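# Descriptive analysis of the structure
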Amino acid sequence: YVDTMIAAQFMNDRAAMRGEQVPYSKINLGYLASELKIKTERAHDSLNDCVTTAAVYRAMLKKAWK
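Each value, and the rule that gives it
- Residues numbered from 1 in each chain as written.
- Predicted model: local features only at pLDDT ≥ 70, side-chain atom pairs only at ≥ 80, totals over all residues.
- Heavy atoms only, no water.
- Helix = DSSP H or I, 4+ residues; strand = E, 2+ residues; numbered from the N terminus.
- Buried < 20%, exposed > 50% of the residue type's maximum accessible area, 1.4 Å probe, protein only.
- Expected span 1.5 Å × (residues − 1).
- Arc of directions from axis to C-beta.
- Contact = heavy atoms within 4.5 Å.

Let's shift gears to the environment of Asn12. Within the element layout of this structure, Asn12 appears in helix H1 (residues 4-17). Given a relative accessible area of 7%, Asn12 falls into the buried group.

With that settled, consider the environment of Gln9. Along the chain, the position of Gln9 falls in helix H1. The exposure class assigned to Gln9 is partly exposed, which follows from its relative accessible area of 32%. The spacing of Gln9 and Pro23 is 14 residues in sequence and 9.4 Å in space, taken between C-alpha atoms.

To continue, consider helix H3 (residues 46-64). Taking 1.5 Å per residue as the helical rise, H3 with its 19 residues ought to reach 27 Å, and the 27 Å between its terminal C-alpha atoms agrees with that figure. Within the sequence span of H3, burial applies to Asn48, Thr52, Thr53, Val56 and Met60. Projected onto a plane normal to the axis of H3, the buried residues spread over an arc of 135 degrees and lie on a single side. Of the exposed residues in H3, those oriented more than 90 degrees away from the buried face are Leu47, Cys50, Val51, Arg58 and Lys62. On its buried face, H3 is in contact with H1 and helix H2 (29-35).

Here you go:
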């Protein structure tokens, strides 16, 4: 189970606790995909949303551990 909204909120909370700028001003899937430069085929299509979620989560992890 992966929820990119929860992961983004955690990253925002962690940054805020450290006095840093939050990385994501919004936490919906479309915004996160756009912010992380992930192209999507069709929004609100079940299969595409699953593929997008996986790609967004992977990009978020890479960004978090740089």
